[in-house]
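Commentary on secondary and tertiary structure
Each chain is listed here by its residues.
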Amino acid sequence: QGIFVLGLPYALLHSGYSGLLLIVLAAALCCYTGKILIACLYEENEDGQLIRVRDTYEDIANACCKKLSPSLGGIVVNVTQVVELIMTCILYLVVSGNLLSHSFPYVPMTEKTWSVIAFVTLLPCIFIRTLKIVSKLSQLCSLVHFVIIFVVITYCLTQMHQWSWAKFRLSLEFENFLVSVGVIIFSYTSQIFLPTLEGNMKNPGEFRCMLNWTHFFACILKTTFALTTFLTWGEKTKEVITDNLPSFLETLVNLCLLTKALLSYPLPFFAATEIVYSCISNDNHSNYRSPLLALTVRGSFLLLTLLMAMFTPHFALLMGLSGSVTGAAMTFLLPSLFHLKLKWKKLSFLEKCADISVFILGFLCSLAGIVCSVKGLLEVLG
């Protein structure tokens, strides 16, 4: 449950009743592709027992593309992962600038200036060398997140007398709807972390059950949050839902969200720089052999996220673009493609149909979402 659930009410504004269905459908599809991705880590031995022969998403990709090139698949996956992680970092900076701007409306500074201030507080990230520090920050982040969700939903429940199902649209604007699809997909993306998560579980056999329950509860929380907030504000729903809160709550919640965004930034940033440094140095360990190179990589990525945040400061459109490009690829396209490639002879007809359907659906959503999101960004920027 990331900070990007704040964009779900805005997605409902443009998708209406179909948006509720999309939230449920995306949960089911993401749960399914998570399972088939993990299945690609295993092969049967001579006794018919499943043995884990691969450890990472990159290993799966390399196994699928070994006839073309031993490392081609891994390169594609690594590039896609880095793009998704960096886009996530950019979104944290964008939303930080938005939150600071709305928290202090009387200070004569633009959102871009506020984003620079948020960026300054993140400079210590270039000195993070281990995941231990990141994990502690993520624990604090989770605590802040649930406080925020509780406060927003509680306020919305006090406004139940204003709710009306008439606020939902029956007619949709196709382009805005496709952007909403990208937003919803992006709120569920987690496939890049699943191989590592499954490999570190005390009982990996419970992974499928865990995935079922986590996606079920995520779906319930996202649907409840999006529905209650949209019913409260309807057509006045803004890109970041906290902008709709009354002033006495907005500043408090925005500051909490700012804290969450800044605490969330180190995880995708650390993961992205680790991937890049490993590719450069051929070293998969978190302890860097060259401190200067490590600082250069991290410093370059930190600066890149700021520059991108400055040029594309539009939360929902940028999130929709991320979901359509990298989110759809890592969540739908590659898992289904890899599963078909590695398990084709052992899959039933229905399983093959399911994988092909997921791939086609992911491809169409990705293509349409990219076109509409880029068009929307160009219109806003132009």
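Residues numbered from 1 in each chain as written. Predicted model: local features only at pLDDT ≥ 70, side-chain atom pairs only at ≥ 80, totals over all residues. Heavy atoms only, no water.

**Digging into a positive patch on the surface**
- A cluster of basic residues, K66, K67, K341 and K345, forms a positive patch at the surface.
- Residue position: K341 is located in helix α13 (residues 315-343). (Patch = residues over 30% accessible without salt bridge, like charges linked within 9 Å, V, L, I, M, F, W, Y side chains within 5 Å. Areas by Shrake-Rupley, 256 points an atom, 1.4 Å probe, with all protein chains shown as cover. Salt bridge = Lys/Arg side-chain N within 4 Å of Asp/Glu carboxyl O. Lys, Arg positive; Asp, Glu negative; His and termini not counted. Charge placed at Lys NZ, Arg CZ, Asp CG, Glu CD. Helix = DSSP H or I, 4+ residues; strand = E, 2+ residues; numbered from the N terminus.)

**Considering the nonpolar core**
- One finds L93, I184, Y188, Y265, F301 and F338 to be the most contacted residues of the largest nonpolar core, which totals 100 residues.
- No other element matches the 13 residues that helix α4 (residues 72-103) contributes to this core.
- With residues near it in sequence (within four places) discarded, F338 still touches C40, Y57, I60, A61, C64 and V77. (Core = buried A, V, L, I, M, F, W, Y, C linked by side-chain atoms within 4.5 Å. Buried < 20%, exposed > 50% of the residue type's maximum accessible area, 1.4 Å probe, protein only. Contact = heavy atoms within 4.5 Å.)

**A short note on the packing of helix α5 (residues 111-121) against helix α12 (residues 291-311)**
- Two elements in contact, α5 and α12, have axes whose closest approach is 10 Å; the angle formed by their N-to-C orientations is 165°. In terms of orientation, α5 lies roughly antiparallel with respect to α12. Here α5 runs over α12; the crossing is right-handed. Judged by residue contacts, K112, S115, V116 and F119 of α5 engage L302, L303, L306 and M310 from α12.
- Partitioning the contact of α5 with α12 into residue classes produces six nonpolar, one polar and one charged. (Axes fitted to C-alpha atoms, helices over the stretch in contact; angles between N-to-C directions. Parallel < 35°, antiparallel > 145°, perpendicular 65-115°, else oblique. Left-handed = near helix turned anticlockwise from the far one by under 90°. Nonpolar A, V, L, I, M, F, W, Y, C, P; charged D, E, K, R; others polar.)

**Details of the confidence of the model for the protein chain**
- Mean pLDDT over the protein chain stands at 82; residues scoring 70 or higher make up 88%.
- Counting interchain partners and residues more than four positions distant, the pLDDT-below-50 stretch residues 283-288 has 13 contacts. (pLDDT = per-residue confidence, 0-100.)

**Points about the packing of aromatic side chains**
- Counting across every chain of the model gives seven aromatic pairs.
- The interplanar angle of 90° and the centroid separation of 6.0 Å between the aromatic rings of W213 and F216 together place this pair among those described as edge-to-face. Placement of the pair is W213 and F216 together in helix α9 (residues 207-233), with a separation of three residues, close to one helical turn.
- The class of W213 is partly exposed, set by a relative accessible area of 48%.
- By way of ring pairs, the aromatic residues W213, F216 and F217 are connected into one cluster.
- A cation sits over an aromatic face here: K352 above W344, 4.0 Å from the ring centre. (Phe/Tyr/Trp six-rings, centres within 6.5 Å; stacked < 30°, edge-to-face > 60°. Lys NZ or Arg CZ within 6 Å of the ring centre and 35° of its normal.)

**A closer look at helix α3 (residues 57-64)**
- With respect to burial, α3 is a largely interior element, six of its eight residues being buried.
- For α3, the complete set of buried residues consists of Y57, I60, A61, N62, A63 and C64.

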